[in-house]
Amino acid sequence: MPDTTPFGHVLTAMVTPMTPDGAVDEGGVRAVARHLADTGHDGVVVNGTTGESATLTSDESIEVVRMVVDEVGDRLAVVAGVGSNSTAHSIEMAARAAEAGADSLLLVSPYYNKPTQPGLIAHCTAVADSTELPIMLYDIPGRTAVPFATETLVELAGHDRIVAVKDAKGDLAASIRVMAATDYLWYSGEDALNLPLLALGAVGVVSVTGHVTGRENAALVEAVAAGDLVRAREIQDRVIPAVDAIMTTSQGAIMAKAALVELGVIEHATVRLPLLESPPAHLDILRAGLAATHAEKVA
């Protein structure tokens with residue numbers, strides 16, 4: 001495992017706290033950023049899926065980057081999501097994120113318009129050519145409908161600034177092939193697969209459950225790096241209830257915000273339509289999952 005990366009090793013895809021009227025809550029943004037910095041992280045992703053980037057305006061997205069950089073930029077590597085289904089817009093957002101102080105960029109495959117693999121290569125290359133910041137590709141076909149094919153990832157690895165992959169594809173065989181053929185810094189983007197991907201060669205995680213299991217994620221990364229798979233399995237087993245409660249009850253952003261309210265980190269679990277806040281039955285599941293995980297007991 002590399003000693004340093006431009007992204008860090010233990011990252012969470014951060015929620016974007018909002019006030020009850022749906023405005024971005026600057027105090028909440030700063031509180032979550034501090035919470036992550038205090039709980040085992042060395043990096044943070046802003047304006048990703050969990051940050052509700054699809055319903056933030058461009059100006060809001062950049063202001064969130066500025067807030068997080070200002071609050072914890074001296075403690076965490078700040079990765080700014082700039083993905084879009086418009087290449088021109090992604091290029092614009094990459095430039096604005098760099099100006100706002102981001103250390104690196106997260107680039108998801110364009111959603112809805114379903115580009116071909118050559119189109120996907122052209123899109124990523126155009127964004128990478130436009131910036132000096134390192135780029136982490138985000139492979140999550142369950143949301144975008146367009147996976148990064150193995151051959152596409154291998155070709156894009158030839159670009160000097162495309163250096164990492166957040167893997168939420170759920171295809172371990174494909175992950176092995178790309179890791180064997182490239183020098184990508186590989187990150188698990190699926191909390192349920194953190195341990196297997198780390199064991200296969202990933203250098204870190206980009207988590208959603210990390211809002212409440214940051215220290216456990218850090219301990220997991222360290223255990224695998226040390227070759228202590230027994231310890232790693234113990235940690236992974238312990239966080240399963242929290243992972244299930246946040247990732248399978250309804251939707252990650254919804255449940256992560258609810259969890260942060262439960263922890264007292266933020267005041268409101270407001271999300272923007274078409275998302276809806278958790279009903280009482282889901283909150284009961286969340287509380288049970290958090291209690292079963294006993295996050296404070298894992299070193």
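Since this is a predicted model, take the numbers as computed values, not measurements.

## Here's the deal with the UniProt feature "binding site: pyruvate" (unreviewed entry) in the protein chain
Sequence positions flagged by UniProt for "binding site: pyruvate" (unreviewed entry) are, in local numbering, T50 and V206. Taking the farthest pair of C-alpha atoms as the criterion, the annotated set spanning 157 residues converges on one region, since that pair is 10.9 Å apart. T50 has contacts with A13, M14, V15, T16, V208, H211 and A253, leaving out every residue within four places of it along the chain. Mapped onto the secondary structure, V206 falls in strand β8 (residues 204–207). Discounting residues that sit within four places of it in the chain, V206 has contacts with L11, A13, V45, M136, K166, Y187, S188 and G189.

## What about helix α11 (residues 252–263)?
The terminal C-alpha atoms of α11 lie 16 Å apart, and with 12 residues this matches the ideal 16 Å at 1.5 Å per residue to within 8%. With respect to burial, α11 is a largely interior element, 9 of its 12 residues being buried. Listing the buried residues of α11 in full gives G252, A253, I254, M255, A256, K257, A258, A259 and L260. Capping of α11 at its N-terminal end is provided by Q251; its side-chain oxygen lies 2.8 Å from the backbone amide nitrogen of A253. Where α11 ends, the next residue or the one after it, G264, has phi of about 80 degrees, a positive value.

What counts and what doesn't
Residues numbered from 1 in each chain as written. Predicted model: local features only at pLDDT ≥ 70, side-chain atom pairs only at ≥ 80, totals over all residues. Heavy atoms only, no water. UniProt positions renumbered as here; feature names shortened; annotations may be inferred. Contact = heavy atoms within 4.5 Å. Helix = DSSP H or I, 4+ residues; strand = E, 2+ residues; numbered from the N terminus. Expected span 1.5 Å × (residues − 1). Buried < 20%, exposed > 50% of the residue type's maximum accessible area, 1.4 Å probe, protein only. Polar contact = N/O pair within 3.5 Å; in protein donor to acceptor, adjacent residues only side chain to side chain.

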